[in-house]
Amino acid sequence: MKSTEQEQLFLDEVYRKARLLEYDKREAQKVLYNRRVLARRKILTVSGITIVTAIFALMIRIGKVDQWLCVLLSLLLITAGLLIEKLELLWGLENKG
């Protein structure tokens, strides 16, 4: 084998490793971005549910809500929780696909 062939093989291997490292770097950046997006979604979901629950608790405490409205609000919160869970599962499938 000539030295130029050996040098070319060596350079091909170096370029291959450089492309692989660049690919790994881009994938790591995507993972970090996805983690930030998921964390933001989780914070918005939890804070939204907490705020709505606090408002209704305050209304109950003040006496502006009767028993039937409490039952309806409870059903609304349960439905909202199930809907949010379903949306999170759909978002998870979108990110995989």
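Preceding this paragraph is the structure being described.
The text that follows walks through the structure, step by step, so that each part is easy to find. Quantities reported herein were computed from a predicted structural model and do not represent experimental measurements.

Another point: the overall build of the chain. Scanning the chain from terminus to terminus reveals two helices and zero strands. Taking 13 Å as the expected radius of gyration for a compact globule of 97 residues, we find that the chain reaches 27 Å, considerably beyond that expectation. Only carbon and sulfur atoms are counted for the fraction: they give 66% of the accessible area of the chain, which is about 8800 Å². Of the side chains in the chain, 16 bear a positive and 11 a negative charge, and the two mean positions are spaced by 8 Å.

Right, let's talk about the side chain of T45 for a bit. Inspection of the secondary structure assignment puts T45 in helix 1 (residues 3-62). Here T45 is in contact with I84 and E88, once residues within four sequence places are set aside.

Turning our eyes to something else, we now look at the pattern of salt bridges. Within this structure, the stated rule accounts for two salt bridges. Between K30 and E27 there is a salt bridge, with the nearest N and O atoms lying 3.4 Å from each other. Note that K30 and E27 are positioned in helix 1 at a spacing of three residues, about one turn of the helix. Assessed through its relative accessible area of 48%, K30 is described here as partly exposed.

Further remarks concern the environment of I49. Mapping I49 onto the fold places it in helix 1. A residue is classified by how much of its surface remains accessible, and I49, at 35% relative accessible area, is partly exposed. With 37 residues separating them along the chain, I49 and K86 place their C-alpha atoms 15 Å apart.

What counts, and where the lines are drawn
- Residues numbered from 1 in each chain as written.
- Predicted model: local features only at pLDDT ≥ 70, side-chain atom pairs only at ≥ 80, totals over all residues.
- Heavy atoms only, no water.
- Helix = DSSP H or I, 4+ residues; strand = E, 2+ residues; numbered from the N terminus.
- Rg over C-alpha atoms; globule rule 2.2 N^0.38 Å.
- Areas by Shrake-Rupley, 256 points an atom, 1.4 Å probe, with all protein chains shown as cover.
- Lys, Arg positive; Asp, Glu negative; His and termini not counted.
- Charge placed at Lys NZ, Arg CZ, Asp CG, Glu CD.
- Contact = heavy atoms within 4.5 Å.
- Salt bridge = Lys/Arg side-chain N within 4 Å of Asp/Glu carboxyl O.
- Buried < 20%, exposed > 50% of the residue type's maximum accessible area, 1.4 Å probe, protein only.

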